[in-house]
Amino acid sequence: MVLGLPSFVSATPAGIADLLDYYRIPTRGKECVIIGRSNIVGKPLANLLSRKGPGGDCTVTLCHSHTQDLAKVCRRADILVAALGRPHFLKANMVKEGAVVIDVGITRIEDKSTKSGFRLAGDVDFDEVAPRCSYITPVPGGVGPMTRISLLKNTLQAALKRNQ
Ligand code: NAD
């Protein structure tokens, strides 16, 4: 993937790339800020979005727990990806008007009003942030299902490769 050769792409970044493509969200020349530098999300996504060609050509900033003045960095993003695993971390004052916000985070939080006793929360304070965005993914129902589809695609690709 790093060399731009045909390869299996980490499922979550591949799903995010498909979402951007499906909604025809331009990436070329855009500022992209990713919060979280994990091997399965942040790092491969930074690679995908900054590579040359369609779906890439972003200027990517990869943030983590030592990033200074995170809110200021986030505010310059045209595409802002939250993948840090802290429920409702991203607030409206961290988001530029009209930004595309992608919420990767999935955390179980206690909720006695549900049958299971918990609910899923994203890293974005959706109610606060959504009015500022041109696009935003919900949790649950956004990046999660795209990850599963990408995993199935990778599995199919692996099976076809084995049979060739
Ligand atoms: P991780 O848990 O391995 O690492 C968290 C990253 O966030 C680290 O790079 C850390 O430096 C950064 N971070 C933590 N606190 C921070 C802060 N206050 N400011 C800035 N950066 C901070 O990362 P992961 O495995 O990518 O998981 C992140 C979240 O994404 C979790 O909630 C996980 O459940 C979720 N996730 C969802 C999907 C999906 O399909 N939707 C897939 C993978 C992971």
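Structure: see above.
Residues numbered from 1 in each chain as written. Predicted model: local features only at pLDDT ≥ 70, side-chain atom pairs only at ≥ 80, totals over all residues. Heavy atoms only, no water.

1. Examining the side chain of Thr137
Piece 1. If you trace the backbone, Thr137 turns up in the loop between strand E7 (133-136) and helix H5 (143-163).
Piece 2. Looking at Thr137, its side chain comes within polar contact range of the main-chain nitrogen of Asp103, at 2.8 Å.
Piece 3. If sequence neighbours within four positions are ignored, Thr137 has contacts with Leu19, Val101, Ile102, Asp103, Phe126, Gly142 and Val143. (Helix = DSSP H or I, 4+ residues; strand = E, 2+ residues; numbered from the N terminus. Polar contact = N/O pair within 3.5 Å; in protein donor to acceptor, adjacent residues only side chain to side chain. Contact = heavy atoms within 4.5 Å.)

2. Topic: unusual backbone geometry
Piece 1. Of the consecutive residues Val139 and Pro140, the connecting peptide bond is found in the cis state with omega at 0°.
Piece 2. With respect to the helices and strands, the residue Pro140 is situated in the loop between E7 and H5.
Piece 3. Not every positive phi belongs to a glycine, and Asp69 is a case in point at roughly 45°.
Piece 4. Following the sequence through the fold, Asp69 ends up in the loop between strand E2 (59-63) and helix H3 (70-75).

3. Some points on the state of the cysteines
Covalently bonding the sulfur atom of one cysteine to the sulfur atom of another cysteine gives a disulfide.
Piece 1. Applying the stated rule across the entire model yields 0 disulfides.
Piece 2. Cys32 supplies the cysteine sulfur nearest to Cys58, a cysteine that is in no disulfide, at a spacing of 5.1 Å.
Piece 3. Residue classification places Cys58 among the buried positions, given a relative accessible area of 7%. (Disulfide = S-S within 2.5 Å. Buried < 20%, exposed > 50% of the residue type's maximum accessible area, 1.4 Å probe, protein only.)

4. Details of the packing of helix H1 (residues 11-22) against H5
Piece 1. Close contact between H1 and H5 brings their axes to 7 Å; oriented N to C, the two are set at 110°. With respect to H5, the element H1 is oriented roughly perpendicular. Contacts between H1 and H5 involve Ala11, Thr12, Ala14, Gly15, Ile16, Asp18 and Leu19 on the former and, on the latter, Val143, Met146, Thr147, Ser150, Leu151 and Lys153.
Piece 2. Grouping the amino acids of the contact of H1 with H5 by side-chain chemistry returns 7 nonpolar, 4 polar and 2 charged. (Axes fitted to C-alpha atoms, helices over the stretch in contact; angles between N-to-C directions. Parallel < 35°, antiparallel > 145°, perpendicular 65-115°, else oblique. Nonpolar A, V, L, I, M, F, W, Y, C, P; charged D, E, K, R; others polar.)

5. Regarding the site of the ligand
Piece 1. Every one of the 21 residues lining the ligand counts as a neighbour, but Arg37, Ser38, Val104, Ile106 and Thr147 are closest to it.
Piece 2. One of the backbone N or O atoms of Arg37 is found 2.8 Å from an oxygen atom in the ligand.
Piece 3. Between the ligand and Ile106 there is a distance of 3.0 Å, counted from an oxygen atom to a backbone nitrogen or oxygen.
Piece 4. Contact with the protein chains hides 73% of the accessible area of the ligand, taken as 850 Å² for the molecule alone.
Piece 5. Looking at the shell around the ligand element by element, the count peaks at 3 residues for H5.
Piece 6. Grouping the amino acids of the shell around the ligand by side-chain chemistry returns 10 nonpolar, 9 polar and 2 charged. (Near = heavy atom within 4 Å. Areas by Shrake-Rupley, 256 points an atom, 1.4 Å probe, with all protein chains shown as cover.)

6. Points about the packing of aromatic side chains
Piece 1. Throughout the structure, instances matching the rule amount to 2 aromatic pairs.
Piece 2. The ring centre of Phe118 lies 3.9 Å from the NZ or CZ of Arg108, which sits over that ring. (Phe/Tyr/Trp six-rings, centres within 6.5 Å; stacked < 30°, edge-to-face > 60°. Lys NZ or Arg CZ within 6 Å of the ring centre and 35° of its normal.)

7. Examining the sheet that holds E7
Piece 1. Read across the open sheet, the 5 strands follow the order E2-E1-E3-E4-E7; overall the sheet is parallel. Two strands lie at the open edges of the sheet, namely E2 and E7, each paired on one side alone. Each strand of the sheet is rotated relative to its neighbour by a mean of 15°, with strand direction disregarded.
Piece 2. Bridging between strand E3 (residues 79-82) and strand E4 (residues 99-103) involves 4 bridges; their strand directions are parallel. By the bridge assignment, Ala82 is partnered in E4 with Asp103.
Piece 3. Taken strand by strand, helix H2 (residues 42-50) contacts strand E1 (31-35), E2 and E3, and its axis lies near 170° from that of E2. (Pairing = 2+ DSSP bridges.)

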